[in-house]
Amino acid sequence: MINIVLFGKPGAGKGTQAEFLKEKYNLTHLSTGDIFRFNIKNETELGKLAKTYMDKGDLVPDEVTIQMLQSEVDKNPESKGFLFDGFPRTLSQAEALDAFLESKGDKITATVALEADDEILVKRLLERGKTSGRPDDQDEEKIRNRYQEYNEKTAPLMQYYKAQDKFYAVDGIGSIAEITHRLSSVIDSL
């Protein structure tokens with residue numbers, strides 16, 4: 001079983017790349033963004049709670065995120081592996097994910113970070129916001145707040161996974177095919 005954590009700031013291309021990787025490696029793609037949107041659209045209790053944070057451009061608290069994710073993993077007992085997209089975002093989430101996977105006799109295989117310049121990503125998100133309808137993609141101040149939170153909360157994760165020799169950085173600028181090739185090279189080397 002292969003379990004990959006895909007890192008990257010909002011707009012770095014995680015969702016796009018996840019589509020290719022899940023097909024190529026037969027993984028179950030778990031996007032916290034998609035899980036949040038499903039719960040929000042269906043007005044679940046967790047969805048309503050998550051929305052109050054997302055509307056302000058803040059990250060959703062760990063307890064809410066972890067409950068949603070564990071539920072999704074449990075729905076896929078026959079999976080050959082998982083591609084975690086947008087999770088974990090904090091050290092406590094990483095530790096909770098490790099404990100959860102360990103309770104199932106599994107572990108994270110690798111973490112891969114799509115790296116890109118903030119200014120390029122802000123432009124990407126503002127463009128995406130024109131068609132996505134997502135309010136958090138239409139306000140530059142909210143986007144920059146998300147990046148600040150990402151930097152503050154996610155930086156310790158890189159050290160956490162580096163200490164386990166499970167961290168790989170990939171250049172996230174270029175064509176979709178170029179970036180997919182870079183990611184595949186990392187995963188194939190595991």
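Residues numbered from 1 in each chain as written. Predicted model: local features only at pLDDT ≥ 70, side-chain atom pairs only at ≥ 80, totals over all residues. Heavy atoms only, no water.

Focus: the UniProt feature "binding site: AMP" (unreviewed entry) in the protein chain
Then, number 1: The feature "binding site: AMP" (unreviewed entry), as annotated in UniProt, sits at T32, R37, D58, L59, V60, G86, F87, P88, R89, Q93, R134 and R146 in this numbering. These annotated residues cover 115 residues of sequence, and their C-alpha atoms sit far apart, with the largest distance between any two at 24.8 Å.
Then, number 2: Taking relative accessible area as the criterion, V60 reaches 8% and is therefore assigned buried.
Then, number 3: V60 has contacts with F36, A50, Y53, M54, T65 and Q93, leaving out every residue within four places of it along the chain.
Then, number 4: Along the chain, the position of P88 falls in the loop between β3 (81-85) and α5 (91-103).
Then, number 5: Classification of P88 by relative accessible area gives buried; the value is 1%.
Then, number 6: When neighbours within four sequence positions are excluded, P88 is seen to be in contact with V5, F7, Q93, A94, L97, L157 and Y161. (UniProt positions renumbered as here; feature names shortened; annotations may be inferred. Buried < 20%, exposed > 50% of the residue type's maximum accessible area, 1.4 Å probe, protein only. Contact = heavy atoms within 4.5 Å. Helix = DSSP H or I, 4+ residues; strand = E, 2+ residues; numbered from the N terminus.)

A look at the side chain of D62
Then, number 1: Within the fold, D62 resides in helix α4 (residues 62-74).
Then, number 2: Here D62 occupies a buried position and makes no salt bridge, while the nearest side chain of opposite charge, K153, is found at 6.9 Å.
Then, number 3: Only 2.8 Å separates the side chain of D62 from the side chain of Q93, close enough to count as a polar contact.
Then, number 4: Excluding residues that lie within four positions of it along the chain, D62 makes contacts with T90, S92 and Q93. (Lys, Arg positive; Asp, Glu negative; His and termini not counted. Salt bridge = Lys/Arg side-chain N within 4 Å of Asp/Glu carboxyl O. Polar contact = N/O pair within 3.5 Å; in protein donor to acceptor, adjacent residues only side chain to side chain.)

Here we look at the UniProt feature "binding site: ATP" (unreviewed entry) in the protein chain
Then, number 1: The feature "binding site: ATP" (unreviewed entry), as annotated in UniProt, sits at G11, A12, G13, K14, G15, T16, R128 and G174 in this numbering.
Then, number 2: Among the structural elements, G11 can be located in the loop between β1 (2-7) and α1 (14-25).
Then, number 3: Aside from chain neighbours lying at most four places away, what touches G11 is L121, R124 and L125.
Then, number 4: Along the chain, A12 turns up in the loop between β1 and α1.
Then, number 5: Those residues in contact with A12, other than ones at most four positions away along the chain, are L114, L121, R124 and G172.

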